[in-house]
Amino acid sequence: QVQLVESGGGLVQAGGSLRLSCAASGRTFSIYAMAWFRQAPGKEREFVAGITWSGSSTYYTGSVKGRFTCSTDNAKNTVYLQMNSLKPEDTAVYYCAATPRTGLSTVVAGSYDYWGQGTQVTVSS
């Protein structure tokens, strides 16, 4: 089992920045990739960014490319999501996810076996 704990959410004005952290514990040696998803009220959970545990490959949804950066610190078993130039439409609960499985779609929530509890990000206009 892998446990994930997110932190770093909060309230920020449009144009501001936040850095989310996701600390992994347990069988971290089994992790192949991690990702960030978000869910706004009344909307489905959507993929935001993904990264292999080694940090060698990253993936972003189109709406955050150039604004968000996903990175890993394997020594700390932590994944980060640096969010810059935030917009009101980025408001959502952000979830960290991890999977030990390979060969699956990075952007599909069903590819991930472990999830954090979520952290709220609110961007005011």
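Whatever comes next refers back to the structure up there.
Described in the following lines is the structure provided in the data block. As the structure is a prediction and not an experimental result, all values here were calculated from the model.

Quick look at the side chain of Thr-119
Right, so step 1: Along the chain, the position of Thr-119 falls in strand β11 (residues 119-124).
Right, so step 2: Judged by relative accessible area, Thr-119 falls into the buried class, the value being 11%.
Right, so step 3: Side-chain polar atoms of Thr-119 contact the backbone nitrogen of Gly-9, separated by 3.2 Å.

With respect to unusual backbone geometry
Right, so step 1: One non-glycine residue with positive phi stands out, namely Asn-77, at about 50 degrees.
Right, so step 2: Residue position: Asn-77 is located in the loop between β7 (68-73) and β8 (78-83).
Right, so step 3: Positive phi values are uncommon outside glycine, yet Ser-85 reaches one of about 50 degrees.
Right, so step 4: Tracing the backbone through its elements, the reader meets Ser-85 in the loop between β8 and β9 (92-99).

A short note on the environment of Gly-26
Right, so step 1: Tracing the backbone through its elements, the reader meets Gly-26 in strand β3 (residues 18-26).
Right, so step 2: On a C-alpha basis, the gap between Gly-26 and Val-79 in space is 15 Å, while along the polypeptide they are 53 residues apart.
Right, so step 3: Beyond its immediate sequence surroundings of up to four residues, Gly-26 is in contact with Gln-1 and Gln-3.

A closer look at the nonpolar core
Right, so step 1: Core analysis: the biggest nonpolar cluster contains 30 residues, and Leu-4, Met-34, Trp-36, Leu-81, Met-83 and Tyr-94 have the highest contact counts within it.
Right, so step 2: Excluding its chain neighbours within four sequence positions, the residues that come into contact with Tyr-94 are Glu-6, Leu-20, Trp-36, Phe-37, Arg-38, Val-48, Phe-68, Leu-81, Met-83, Gly-118, Thr-119 and Val-121.
Right, so step 3: In terms of nonpolar packing, the next biggest core, distinct from the first, is built from five residues, Phe-37, Phe-47, Ala-97 and Tyr-112 among them.

Some points on the sheet that holds β8
Right, so step 1: Read from one edge of the open sheet, four strands run β1-β3-β8-β7, paired in antiparallel fashion. Each having just a single partner strand, β1 (2-7) and β7 make up the two edges of the open sheet. Averaged over all adjacent pairs, the angle separating strand axes in this sheet is 15 degrees, with direction ignored.
Right, so step 2: Bridge count between β3 and β8: six bridges; the pairing is antiparallel. Counted as the bridge partner of Arg-19 is Gln-82 from β8.

Considerations on the pattern of salt bridges
Between side chains of opposite charge, a pair can form as their charged atoms come close.
Right, so step 1: On inspection of all chains with the given rule, the structure shows four salt bridges.
Right, so step 2: With its nearest N and O atoms 2.8 Å apart, the salt bridge here joins Asp-90 to Arg-67. One end of the pair, Asp-90, is in the loop between β8 and β9; the other, Arg-67, is in the loop between β6 (58-60) and β7, with 23 residues separating them in the sequence. Summarising the burial analysis for this pair, Asp-90 and Arg-67 share the class buried.
Right, so step 3: Taken together, the shared-partner salt bridges in this structure form one network comprising Arg-38, Glu-46, Arg-67 and Asp-90.

A closer look at the layout of surface pockets
Right, so step 1: Empty space within the largest pocket amounts to approximately 160 Å³.
Right, so step 2: Taken together, 16 residues line the largest pocket, and the ones lying closest to its centre are Tyr-32, Ala-33, Leu-104, Ser-105 and Thr-106.
Right, so step 3: Contributing elements (two or more residues each) for the lining of the largest pocket: β4 (33-39) and β5 (46-52).
Right, so step 4: Residues that form the lining of the largest pocket fall into these classes: seven nonpolar, eight polar and one charged.

Definitions and cut-offs
- Residues numbered from 1 in each chain as written.
- Predicted model: local features only at pLDDT ≥ 70, side-chain atom pairs only at ≥ 80, totals over all residues.
- Heavy atoms only, no water.
- Helix = DSSP H or I, 4+ residues; strand = E, 2+ residues; numbered from the N terminus.
- Buried < 20%, exposed > 50% of the residue type's maximum accessible area, 1.4 Å probe, protein only.
- Polar contact = N/O pair within 3.5 Å; in protein donor to acceptor, adjacent residues only side chain to side chain.
- Contact = heavy atoms within 4.5 Å.
- Core = buried A, V, L, I, M, F, W, Y, C linked by side-chain atoms within 4.5 Å.
- Pairing = 2+ DSSP bridges.
- Axes fitted to C-alpha atoms, helices over the stretch in contact; angles between N-to-C directions.
- Salt bridge = Lys/Arg side-chain N within 4 Å of Asp/Glu carboxyl O.
- 1 Å grid on protein atoms, 1.4 Å probe; cavity = no way out; pocket = protein on both sides within 12 Å on 5 of 7 lines; lining within 4 Å.
- Points joined across faces, edges and corners; volume = space filled by probe spheres on them.
- Nonpolar A, V, L, I, M, F, W, Y, C, P; charged D, E, K, R; others polar.

Taken by themselves, the reported measurements are silent on function.
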